[in-house]
Amino acid sequence: MTQYSPTARLYHILEPAPKGDTPSRVFDLLLIALILLNAFAVMMSTVHSFHLQWAEPLYWFEVFSVGVFTLEYVCRVWSCVHAPHTKVYRQAPYTAPWQQRLRYLFTPMALIDLLAILPFYLSMFFVFDLRILRLLRLTRLVKLGRYSRSVNLLLTVIRKEARVLFAAVSVLIIVMVLSATGMYYIEQHAQPNAFGSIPAALWWAINTLTTVGYGDVTPITPLGKLFSGIITILGVGIFALPAGILAARLSELSRVRRDTFRKHVLEVMEDGSLTPHELGRLNQLREALDLDDEQANLLIDLAVENTRQTGGAQGVNFCPHCGKSLVSHLTPKEDDA
């Protein structure tokens with residue numbers, strides 16, 4: 001088992017638990033439970049009778065929660081220097097630990113962690129509308145995204161495809177404004193209350209382009225109905241653009257990550273064996289690429305088979321140092337940073 005420094009061990013406990021890391025797993029479950037209980041408490045506090053009966057316990061539960069989330073936030077900032085990307089990829093120029101911590105403060109998840117506790121401390125000095133405080137407290141639910149690989153992958157795709165998505169949204173907004181303008185000139189005399197202005201017609205345009213169609217505002221003239229039908233058909237295609245972009249990019253990113261891991265496996269197996277140190281490095285790379293154990297082990301098996309077929313390693317299914325199966329090595333317990 002790899003011997004971590006206290007700060008590195010703290011980082012691994014705070015991050016989503018890999019298989020075999022019981023303390024990290026327990027911490028994850030407790031934090032998820034606390035987040036869900038906070039969301040439940042915020043929702044129930046809006047029930048007048050419940051709030052009157054449980055006002056004091058709810059307050060002290062909020063104090064306890066903020067204390068836990070504050071300690072978590074401080075620990076994450078302090079231990080962020082041990083993130084996998086800072087240990088695996090050394091291409092960037094060296095940055096001091098305080099610079100890495102400062103950079104981490106402005107990452108999306110760090111800002112969400114800050115928003116989870118900031119309203120409580122601000123309420124000590126400023127008077128806030130309780131509705132705004134409740135809304136900000138519910139941002140703690142976003143913290144659950146840290147424990148979902150699917151959510152993390154989706155956020156990565158959105159960040160990488162931001163320009164393309166912005167272009168698709170821009171086209172949508174342009175079509176929406178043009179649709180509202182056209183319907184305003186067609187229906188303004190027939191329905192002055194519903195289409196008396198372009199901003200008023202935007203409500204119809206939004207409902208039509210999203211194919212929701214509440215039915216509270218509909219054209220009544222023949223030309224208006226024809227125009228509405230055309231816009232409805234356009235809406236189906238236009239709103240499918242972002243979904244298609246995200247789906248294609250998700251598939252591509254998953255493939256690139258698998259290919260990257262497989263390439264590194266083949267590189268370290270050029271000498272016909274995998275040492276514990278090399279397996280540790282592969283495990284770090286697996287964490288950085290956010291691959292699960294099953295995917296990583298499958299890619300290793302494929303690399304082993306490829307090496308055999310090309311006349312490379314013989315008996316490379318087992319570690320030359322301990323004789324154990326290579327698959328059993330690719331776990332956090334055998335990780336060797």
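This section reports on the structure supplied with the text. Residue indices begin from 1 for each chain and proceed along its sequence in written order. Only residues with pLDDT of at least 70 get local features here, since the model is predicted, and only at 80 or more are side-chain atom pairs given and counted; chain-wide, interface and lining totals rely on the full set of residues. Values shown for side chains rest on all heavy atoms present in the structure; no hydrogens or waters enter the calculation.

## Considering helix 2 (residues 22–44)
Note the cut-off: Helix and strand labels come from DSSP, where a helix needs a run of H or I of at least four residues and a strand needs a run of E of at least two; each type is numbered from the N terminus. Multiplying 1.5 Å by the residue count of a helix minus one yields the expected span of that helix. Per-residue accessibility, obtained with a 1.4 Å probe over protein chains only, is compared with the maximum for each type, and a residue is labelled buried under 20%, exposed over 50%, and partly exposed between these values.
Helix length check: helix 2, at 23 residues, gives a terminal C-alpha distance of 33 Å against a target of 33 Å (1.5 Å per residue), a fit within 8%. Residues of helix 2 that are buried include every one of Ser24, Asp28, Leu31, Leu34, Ile35, Asn38, Ala39, Ala41 and Val42, and no others.

## Here we look at helix 11 (residues 222–268)
Just so we agree on the cut-off: The seven residues ending at a residue and the seven starting there each receive a fitted axis; the angle between those axes is the bend at that residue.
When the terminal C-alpha atoms of helix 11 are compared, their 71 Å separation across 47 residues agrees well with the 69 Å that a helix rising 1.5 Å per residue should span. At Leu241, helix 11 is bent by approximately 30°, the largest bend along its length, and proline Pro242 sits one to four residues beyond. Gly224, Ser228, Ile231, Gly235, Ile238, Ile245, Arg249, Leu253, Arg257, Phe261 and Val265 are the residues of helix 11 that are buried.

## Describing the packing of helix 1 (residues 6–14) against helix 2
Put simply, the rule is: Whenever a helix is involved, its axis is fitted only over the stretch in contact; in every case the axis is a line through C-alpha atoms, and angles between N-to-C directions fall within 0 to 180 degrees. Any angle between 65 and 115 degrees counts as roughly perpendicular, while under 35 counts as roughly parallel, over 145 as roughly antiparallel, and the rest as oblique. The contact rule is simple, with two residues in contact once any of their heavy atoms fall within 4.5 Å. Three classes are used, and their members are as follows: Ala, Val, Leu, Ile, Met, Phe, Trp, Tyr, Cys and Pro are nonpolar, Asp, Glu, Lys and Arg are charged, and the others, Gly among them, are polar.
Contact geometry for helix 1 and helix 2: axes closest at 7 Å, N-to-C directions at 50°. One way to sum up the angle between helix 1 and helix 2 is to call them oblique. Only Pro23, Ser24, Phe27 and Asp28 of helix 2 make contact with helix 1, whose side of the interface consists of Arg9, His12, Ile13 and Leu14. Within the contact of helix 1 with helix 2, the residues separate by chemical class into four nonpolar, two polar and two charged.

## Points about the pattern of salt bridges
Under the convention used in this document: A pair is scored as a salt bridge if a Lys or Arg side-chain nitrogen falls within 4 Å of a carboxyl oxygen belonging to Asp or Glu.
One pass over the full model with this rule turns up seven salt bridges. The closest approach of N and O atoms between Lys143 and Asp113, which form a salt bridge, is 2.8 Å. With Lys143 in the loop between helix 7 (130–137) and helix 8 (149–160) and Asp113 in helix 6 (residues 108–122), the pair connects residues that are 30 residues apart, well separated along the chain. In this pair, the class of Lys143 matches that of Asp113, namely buried. A salt bridge links Arg249 to Glu252, with the shortest nitrogen-to-oxygen separation between them at 3.4 Å. Placement of both Arg249 and Glu252 in helix 11 is noted, with a separation of three residues, approximately one turn of the helix. Judged by relative accessible area, Glu252 falls into the partly exposed class, the value being 35%. Through salt bridges with shared partners, one network takes in Glu15, Glu72, Arg76, Asp113 and Lys143.

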